Amino acid sequence: MPAPPPSSAGLLQTVLALSFVLALLFGLAWCMKRYGPKAPAGNARLRLLSSLSLGGRERILLIEVADQWIVVGAAPGRVNALATMPRQEDDTPAGMSQQNGLAAANFSEWLKQTIDKRNGK
């Protein structure tokens, strides 16, 4: 036997119930984002000092960990430590360009040589 056709009142009630449930979910998600648990803002020993975009999704990052600076290459699905160096006196990477211009040039040469070695050139 065929099922009787649904009434418009039953269909309207179902649509309103679904709308109410979806609105409730969005409201709860907003409340959790606004008032929910937050990450502690304690004294983190890891911080990002600078980043440089190399292409669409490749980046070079300068990260400070305790008393070291780590230069990291990041690409989708891959993160490589390129170099480590002791923390500089001037805490800002912008100050590096004035004081350590030669060191930056040496690092860029070292990075180019390392990439050429890995590519077999």
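What you see is a predicted model, and the numbers here were worked out from it, not measured in a lab.

(A) How the structure looks around the sheet that holds strand β3 (residues 68-75). Spatial strand order, β1-β2-β3-β4: four strands in an open sheet with antiparallel pairing. Two strands in the sheet have a free side with no partner beyond their single neighbour: β1 (46-53) and β4 (78-86). Adjacent strand axes in the sheet meet at a mean angle of 25°, parallel and antiparallel pairs treated alike. Judged from the seven bridges that link them, strand β2 (residues 59-65) and β3 form a sheet pairing that is antiparallel. Bridging from a neighbouring strand, Val65 pairs with Gln68 of β3.

(B) Geometry of the side chain of Glu64. For Glu64, the location among the structural elements is in strand β2. Of the polar contacts made by the side chain of Glu64, one reaches the side chain of Arg87; its length is 2.8 Å.

(C) Spatial organisation of the pattern of salt bridges. Per the stated rule, a full pass over the model turns up three salt bridges. The residue Glu64 makes a salt bridge to Arg47 at a minimum N-O spacing of 2.9 Å. With Glu64 in strand β2 and Arg47 in strand β1, this residue pair connects regions lying 17 residues apart in the sequence. A salt bridge links Lys112 to Asp116, with the nearest nitrogen and oxygen atoms 3.4 Å apart. Of this pair, Lys112 and Asp116 are both found in helix α3 (residues 101-119), four residues apart, which corresponds to roughly one turn of the helix. We classify Lys112 as exposed; its relative accessible area is 54%. What makes Asp116 partly exposed here is its relative accessible area of 25%. Sharing partners across several salt bridges, the network here consists of Arg47, Glu64 and Arg87.

Definitions and limits used
Residues numbered from 1 in each chain as written. Predicted model: local features only at pLDDT ≥ 70, side-chain atom pairs only at ≥ 80, totals over all residues. Heavy atoms only, no water. Pairing = 2+ DSSP bridges. Helix = DSSP H or I, 4+ residues; strand = E, 2+ residues; numbered from the N terminus. Axes fitted to C-alpha atoms, helices over the stretch in contact; angles between N-to-C directions. Polar contact = N/O pair within 3.5 Å; in protein donor to acceptor, adjacent residues only side chain to side chain. Salt bridge = Lys/Arg side-chain N within 4 Å of Asp/Glu carboxyl O. Buried < 20%, exposed > 50% of the residue type's maximum accessible area, 1.4 Å probe, protein only.

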